[in-house]
Amino acid sequence: MVFEPPQRLVRALGEAAPEGDDWLEKLPGLAHEAVAQRELTVERVQLPGGRSSLVVLVRTAGGKPAVLKLAPRRARPESERAALARWDGLGAVQLLEEPSSSGAEGVLLLERLHPDVSVRTLPEARALLEAAGTLRRLWVDPPEGHGFETVAERTGRQARAMRASAVADPEVAPLVDAALTAREELLTAPPEHRLLHGTFRQSKVLAGERMPWLAVGPDPVVGEHAFDLARLVRDRVEDLIAQPSGATTTRRRVKRLAESLDVDRDRLRGWTLFRAVESGVRARRVRRERDAELLLEFAAWL
């Protein structure tokens, strides 16, 4: 089989590829090697697929449906593996092989969920409820001596890029200043340090057999609950922007999600602001103008 990377993956990785990166060129060979090593039968490449990895629907040597996932080092696949091992199937997709037996770096063999059925297919109110319930299960203590990135470390890197963007693009400077101020205040006294999904949203929650809904695709980080929940607040942002009452709906969503998961509302609003501005500025930097416009307008409501 020809393992052609989906165009969505090619575009996304191309936006942030370091000079000389050749992972996409090596990907077909890596995929063939991973399939042969595990004696897998390939069904198809999942389309449109993700933005940071190749996802292949396969069957194991015993005929069990599974997913083979291949990601470059910059997508932190080994951190994903460690988080999935920690969750051990509770609220998240299950690893089908022990970390020590995984072979090449960046290759994960996972249980098969229903890749085309996410929480996002549900009506909005129920989607938020199911997504929030799934997220709560993931908030556990990190293992002793963990190597996960912290919220302070991750947002520190992002903050440096945001400052540079604000200098080069003064139009975004007021929102960047507000987001960076919020970050500094939030990092002063975080209420907890838990293992977080890191990039949680409705499309990252898929229908399963073991449990109705399971999370996939974490970029794990250790920090406070509000940071994780913040990405969920802006789900379906294009629908929010299209509503005449979008700003009111957003503030109501912050309140509802904060109350349902026992998160401080002001902290959730602060992290939602930071994460929306960071994403909007990054989208603008790589000339995804429509995404940038939506995200920065959303951030201005907060």
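For the structure given in this document, a descriptive report is provided here. Here the structure is a predicted model, which means the values were calculated and not measured. Per chain, the residues get numbers from 1 upward, laid out in the order the sequence is written. In keeping with the predicted nature of the model, local features appear solely for residues at pLDDT of at least 70, side-chain atom pairs appear and are counted solely at 80 or more, and the whole-chain, interface and lining totals rest on all residues. For side-chain calculations, the full set of non-hydrogen atoms in the structure is used, while hydrogens and water are omitted.

## Description of the overall build of the protein chain
Secondary structure elements follow DSSP: runs of H or I no shorter than four residues count as helices, runs of E no shorter than two count as strands, and numbering proceeds from the N terminus. Secondary structure summary: the protein chain contains eleven helices and nine strands in total. Relative to its length of 302 residues, the protein chain is compact, with a C-alpha radius of gyration of 19 Å against a globular reference of 19 Å. With respect to the principal axes defined by its C-alpha atoms, the protein chain has extents near 55 × 40 × 40 Å. The 302 residues of the protein chain split such that 52% are buried. Counting contacts in the protein chain only where the partners sit at least 6 residues apart, residues at least 24 apart contribute 70% of the total. In the structure as shown, the protein chain presents an accessible area of about 14,300 Å², 51% of it carried by carbon and sulfur atoms. Treating the 46 positive side-chain charges of the protein chain as one cloud and the 45 negative ones as another, the clouds have centres 3 Å apart. Between the two quantities, the radius of gyration covers C-alpha atoms and the globule rule is 2.2 Å times the number of residues to the power 0.38. The buried label applies to any residue whose accessible area, calculated with a 1.4 Å probe on protein chains only, is under 20% of its type's maximum; exposed applies above 50%, and partly exposed to all values in between. In what follows, residue pairs with any heavy atoms lying within 4.5 Å of each other are defined as contacts. Here the Shrake-Rupley method, with its probe set to 1.4 Å, supplies the accessible areas, and only the displayed protein chains count as covering residues. Positive residues here are Lys and Arg, negative ones are Asp and Glu, while His and the chain termini are left out of the count. A charged residue contributes its charge at one atom only: NZ of Lys, CZ of Arg, CG of Asp or CD of Glu.

## Describing the nonpolar core
Note on terminology: a nonpolar core comprises buried Ala, Val, Leu, Ile, Met, Phe, Trp, Tyr and Cys residues joined through side-chain atoms within 4.5 Å. Ranked by internal contacts, the top residues of the largest apolar core, which has 74 residues, are Leu268 and Phe298. Residue contributions to this core peak at seven residues, all from helix α10 (residues 265-285). Other than its neighbours up to four places away in sequence, Phe298 contacts Val233, Arg234, Val237, Leu240, Ile241, Thr250, Thr272 and Ala276. Formed by 19 residues, the second largest nonpolar core is a distinct cluster that contains Phe3, Leu24, Val35 and Leu68.

## Focus: helix α9 (residues 246-260)
The end-to-end C-alpha separation of α9 is 21 Å, in line with the 21 Å expected for 15 residues at 1.5 Å each. Gly246, Ala247, Thr249, Thr250, Arg253, Val254, Leu257 and Ala258 are the residues of α9 that are buried. Taken down its axis, α9 places every buried residue within 165° of arc, on the same side. Those residues of α9 that are buried lie in contact with α4 (124-138), α7 (225-233), α8 (237-242), α10 and α11 (289-301). With its phi angle positive at about 55°, Asp262 sits one or two positions after the end of α9. Multiplying one less than the number of residues by 1.5 Å gives the expected span of a helix. It is the directions from the helix axis to the C-beta atoms whose arc is reported.

## A few points about the sheet that holds strand β7 (residues 205-207)
Pairing within the open sheet is antiparallel, and its three strands lie in the order β5-β7-β8. Across the chains shown, the open sheet's two edge strands, defined by having one partner strand only, are β5 (114-118) and β8 (213-215). Taking the axes of each pair of neighbouring strands and ignoring which way they run, one obtains an average angle of 55° across the sheet. Here, strands pair whenever DSSP counts at least two bridges between them. In terms of strand pairing, β7 meets β8 through three bridges, oriented antiparallel. Bridge pairing in β8 places Val205 opposite Ala215. To define axes, lines are fitted to C-alpha atoms, for helices over the stretch in contact only, and angles between the resulting N-to-C directions are given on a 0 to 180 degree scale. Of the strands in this sheet, β7 and β8 touch α4, which is tilted by about 55° from β8.

## Considerations on the packing of aromatic side chains
Stacked, edge-to-face and tilted labels apply to pairs of Phe, Tyr and Trp rings (six-membered ring for Trp) whose centres lie within 6.5 Å, assigned for plane angles under 30 degrees, over 60, and everything in between, in that order. In this structure the tally under the stated criterion is three aromatic pairs. Arranged with centres 5.8 Å apart and planes meeting at 90°, the rings of Trp271 and Phe274 form a pair that is edge-to-face. Residue Trp271 and its partner Phe274 are both found in helix α10; the two are separated by three residues, about one turn of the helix. Three or more aromatic residues link up through ring pairs in this structure, and these residues are Phe227, Trp271 and Phe274. The cationic tip of Arg275 hangs over the ring face of Phe227; the distance from NZ or CZ to the ring centre is 4.2 Å. The criterion for a charge sitting over a ring is simple: Lys NZ or Arg CZ within 6 Å of the ring centre, and within 35 degrees of the ring normal.

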